[in-house]
Protein chains: 2
Amino acid sequence: MNDFKKELDFLGKIVEQELAKLLPPKDEYPPKLHEAIHYSTFAGGKRLRPIMVMKAAELFGMPYEKVIPTACGIEMIHTYSLIHDDLPVMDDDDFRRGKPTCHKVYGEAVALLAGDALLTHAFAAISKNSKIEGICPNAVLDVIEKVSNAAGTYGMIGGQTVDISSSGKAIDQDTIFYISLHKTAALISVSLWSGARLAGASRNDLETIKRFGENIGLVFQIVDDILDEKGDEKSLGKPIGSDAKNMKSTFFKVYGYAGCLDLIDKLSSEAKELISNYKNNNFFIQLTDFIVNRSY
Amino acid sequence: MNDFKKELDFLGKIVEQELAKLLPPKDEYPPKLHEAIHYSTFAGGKRLRPIMVMKAAELFGMPYEKVIPTACGIEMIHTYSLIHDDLPVMDDDDFRRGKPTCHKVYGEAVALLAGDALLTHAFAAISKNSKIEGICPNAVLDVIEKVSNAAGTYGMIGGQTVDISSSGKAIDQDTIFYISLHKTAALISVSLWSGARLAGASRNDLETIKRFGENIGLVFQIVDDILDEKGDEKSLGKPIGSDAKNMKSTFFKVYGYAGCLDLIDKLSSEAKELISNYKNNNFFIQLTDFIVNRSY
């Protein structure tokens, strides 16, 4: 394991410890609900979004420990979105990260409520960030507003709605960009923005880090679409070909394999260029490469 | 119409105007999602919770105009909870307020996403309250944390989970109190608490108003259970007997009609006693009577 992956691993473990403290305990009443929340939250994600919050704070001079509640809040929102997306009425997926999806284990009603709960608790977690010394309450309020926008109809939910309604239809390049920018890139981008905002980054820097996040978020989705066509089921932890099965709109379908590789090249180069002037940008250069080259 | 009902009507209209400004427009892309959000948000609710936020602020000396974003955020949470509760996987209700439920009009996927969106946008709305002059950012952050707790697994979602899992079972008095205190009273109580907190109420006053809210919240639910047995379908806007059909746990089932009337009497007297020492408590005395006597 190289140093970058060691750092991901190290920070990911911290995120998991803090998530366990911020969420109600697994055996809290009512038990089935809390078991379902823990089942999906601790299902072995890479914790990329919370790590981005933490490293973006560090890039602007704030120790990552100070933004952990926000990092965990965003991971709760990510987890809720996976639980709801997997429901039969949405993508109807039976497996995620090598394990049966939440509703396959706990039933659809509890899965729906577990997702609602994670989304709800996310904002309490972020609000708690204001209790940490050196954090400005107005910065936390800005983060809450931006995260809500990125997760709401101007972001993730907007993207998911168009994704679902485009299923089985021939879509154009604008639409696949709309879907991915909203469904995937918005939350990744706001993770970076939030860490930078809490650290007191300037308006210009916030705009730059937001655009960097949109670019690597799009790359993340393009790679996802390629992996669903050409990935390895074992390392992915889910069956490949589910996009085709669900007649999903993907970059692969719109651009083809070669077109996707070109897009990845262009977007990741732009991303690296955007952050080229920052000192200590090494993590973000490696993160970009990691997202380009990931196989799971 | 008496003065109390005129005031409810007047404040309710203000809430609706502000909700329309705080939510994305109905014709925003993607249209079906935003139509569904507007359909359920503007379906003719009584707006009791947001009015409670506003009048609680007034009780502690702050003009109600200053807490409208929080009032609207809580109404968004209430509306999301109705949309998700009506889904087939939950209560499977076809009508609400005399109109087909959200999923009957827009399909289950869009209804699920519209509910998610309202919950998400609620916290952006509340965070915007900090932009209003005279409002302390830390008070807004406290409100976000408390509202999240009242809507999450320690509140509404916890109550809904036990409600669903108790369906068809004989339950005891403790369980029906748990369900109603969490599913119904928590959000009503936190509405009052939030208005009072933003107005700068003392710790003691916050505790009093919270307990007042729990009492009238329980009365609200007991009356709801009675109306489902003995109400008028036309004024209710939904079929009666749906609790029995869904084998729901209700106060009516556990306490009987006479027992319910005794409970209402006890809880509403306690509520009035709690706020008896406040000047200008007239609205809240009338609100208690309104909740006791409502027929819809």
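These figures come from a predicted structure and were not determined experimentally.

Each helix and strand in chain A was counted, giving 14 helices and two strands. A globule of 296 residues ought to have a C-alpha radius of gyration of about 19 Å, and chain A, at 18 Å, matches this closely. With respect to the principal axes defined by its C-alpha atoms, chain A has extents near 50 × 50 × 40 Å. For chain A, with 296 residues in total, the buried portion stands at 60%. Look at the contacts in chain A between residues 6 or more apart in sequence, and 73% of them connect residues 24 or more apart. When the accessible area of chain A is evaluated, it comes to approximately 11,500 Å², of which 49% is carbon and sulfur surface. One way to put it: in chain A the 34 positive side-chain charges average out to a point 2 Å from where the 40 negative ones average out.

Our focus in this paragraph is the relation of the copies chain B and chain A. For these two chains of identical sequence, chain B goes onto chain A by a turn of 180° and a shift of 0.0 Å along the axis, with RMSD 0.0 Å. The symmetry that links the two subunits is that of a two-fold axis. No C-alpha of chain B lies nearer the rotation axis than that of B:Pro137, which sits 3.1 Å from it. By residue overlap, the copies meet face to face through one surface: 100% of the interface positions of chain B are interface positions in chain A.

This next bit is on the packing of aromatic side chains. Enumeration according to the criterion identifies 23 aromatic pairs over all chains in this entry. Taking 4.5 Å as the distance between ring centres and 10° as the angle between the ring planes, the aromatic pair formed by A:Phe123 and B:Phe123 counts as stacked. Of this pair, A:Phe123 sits in helix 6 (residues 108-128) while B:Phe123 sits in helix 6 (residues 108-128), each in a different chain. The exposure class assigned to A:Phe123 is buried, which follows from its relative accessible area of 0%.

On the side of chain A, 48 residues touch chain B, which itself brings 48 residues to the contact. Interface area, chain B with chain A, both sides summed: about 4,000 Å², of which 71% is carbon and sulfur. Summed over the three residues of chain B that lose the most area to chain A, namely B:Thr120, B:Leu141 and B:Thr153, the buried surface amounts to 14% of that side. Taken together, the links from chain B to chain A amount to four salt bridges.

Residue and element names in this part refer to chain B. Taken as a whole, this structure holds 36 salt bridges over all chains when the rule is applied. Lysine 183 is the partner of aspartate 163 in a salt bridge, and the nearest nitrogen-oxygen pair spans 2.6 Å. Highlighted residues: aspartate 163 in helix 8 (residues 156-166) and lysine 183 in helix 9 (residues 173-198), separated in sequence by 20 residues. Its salt-bridge partner being aspartate 224, residue arginine 294 comes within 2.8 Å of it at the nearest N-O pair. In this pair, arginine 294 sits in the segment after helix 14 (282-293) while aspartate 224 sits in helix 10 (residues 203-230), placing the two residues 70 residues apart along the sequence. Classification of arginine 294 as buried rests on a relative accessible area of 6%. Among the residues examined, aspartate 224 registers a relative accessible area of 26% and is labelled partly exposed.

Further remarks concern the side chain of B:Asp228. Looking at the element boundaries, B:Asp228 is found in helix 10. Contact partners of B:Asp228, with chain neighbours within four places excluded, come to B:Pro239, B:Ile240, B:Gly241, B:Ser242, B:Asp243 and B:Ala244.

This part is about the side chain of B:Glu145. Tracing the backbone shows B:Glu145 in helix 7 (residues 137-151). Apart from residues no more than four positions distant in its own chain, B:Glu145 is found in contact with A:Ala124, A:Ser127, A:Lys128 and A:Lys131.

This part takes up the nonpolar core. If you look at the biggest cluster of nonpolar residues, it comprises 200 residues, and the most contacted ones within it are A:Ile77 and B:Ile77. Filtering out sequence-adjacent residues up to four positions away, B:Ile77 remains in contact with B:Leu119, B:Ala122, B:Phe123, B:Val147, B:Ala151, B:Met156 and B:Leu187.

Caution applies to low-pLDDT parts of the model: their predicted coordinates are not meant to be read in detail. Per-residue pLDDT for chain A averages 95, and the proportion of residues at 70 or more is 100%. Interface confidence in the predicted complex, given as ipTM, is 0.96; pTM for the same model is 0.97.

The N-to-C vectors of helix 7 (residues 137-151) of chain A and helix 7 of chain B enclose an angle of 45°; their axes lie 9 Å apart at closest approach. Between helix 7 of chain A and helix 7 of chain B, the angle falls in the class oblique. Read as a crossing pair, helix 7 of chain A and helix 7 of chain B show a hand that is left-handed. Of the residues in helix 7 of chain B, those touching helix 7 of chain A at A:Pro137, A:Asn138, A:Val140, A:Leu141 and A:Ile144 are B:Pro137, B:Asn138, B:Val140, B:Leu141 and B:Ile144. Of the residues in the contact of helix 7 of chain A with helix 7 of chain B, the class split is eight nonpolar, two polar and no charged.

The subject of this paragraph is helix 9 of chain B. All names here are of chain B. Compared with an ideal rise of 1.5 Å per residue, which puts 26 residues at 38 Å, helix 9 spans 35 Å between its outermost C-alpha atoms and is within 8% of the ideal. Here helix 9 lies mainly inside the structure; 21 of its 26 residues are buried. Following helix 9 by one or two positions, glycine 200 adopts a phi angle in the positive range, close to 85°.

In this section: the environment of A:Val254. Residues and elements named next belong to chain A. Here valine 254 shows up in helix 13 (residues 251-274). Residue valine 254 is classed as partly exposed on the basis of its relative accessible area, which comes to 24%. The residues contacting valine 254, other than those within four sequence positions of it, are Ile171, Asp172, Gln173 and Ile176.

Right, let's get into a negative patch on the surface. A cluster of acidic side chains, namely A:Asp92, A:Glu108, B:Asp92 and B:Glu108, defines a negative patch on the protein surface. Here B:Asp92 shows up in the loop between helix 4 (68-86) and strand 1 (95-96). The exposure class assigned to B:Asp92 is partly exposed, which follows from its relative accessible area of 38%.

Parameters at a glance
Residues numbered from 1 in each chain as written. Chains lettered and ligands numbered in written order. Predicted model: local features only at pLDDT ≥ 70, side-chain atom pairs only at ≥ 80, totals over all residues. Heavy atoms only, no water. Helix = DSSP H or I, 4+ residues; strand = E, 2+ residues; numbered from the N terminus. Rg over C-alpha atoms; globule rule 2.2 N^0.38 Å. Buried < 20%, exposed > 50% of the residue type's maximum accessible area, 1.4 Å probe, protein only. Contact = heavy atoms within 4.5 Å. Areas by Shrake-Rupley, 256 points an atom, 1.4 Å probe, with all protein chains shown as cover. Lys, Arg positive; Asp, Glu negative; His and termini not counted. Charge placed at Lys NZ, Arg CZ, Asp CG, Glu CD. Least-squares fit on C-alpha atoms with pLDDT ≥ 70 in both. Phe/Tyr/Trp six-rings, centres within 6.5 Å; stacked < 30°, edge-to-face > 60°. Buried area = accessible area lost by both parts, 1.4 Å probe. Salt bridge = Lys/Arg side-chain N within 4 Å of Asp/Glu carboxyl O. Core = buried A, V, L, I, M, F, W, Y, C linked by side-chain atoms within 4.5 Å. pLDDT = per-residue confidence, 0-100. Axes fitted to C-alpha atoms, helices over the stretch in contact; angles between N-to-C directions. Parallel < 35°, antiparallel > 145°, perpendicular 65-115°, else oblique. Left-handed = near helix turned anticlockwise from the far one by under 90°. Nonpolar A, V, L, I, M, F, W, Y, C, P; charged D, E, K, R; others polar. Expected span 1.5 Å × (residues − 1). Patch = residues over 30% accessible without salt bridge, like charges linked within 9 Å, V, L, I, M, F, W, Y side chains within 5 Å.

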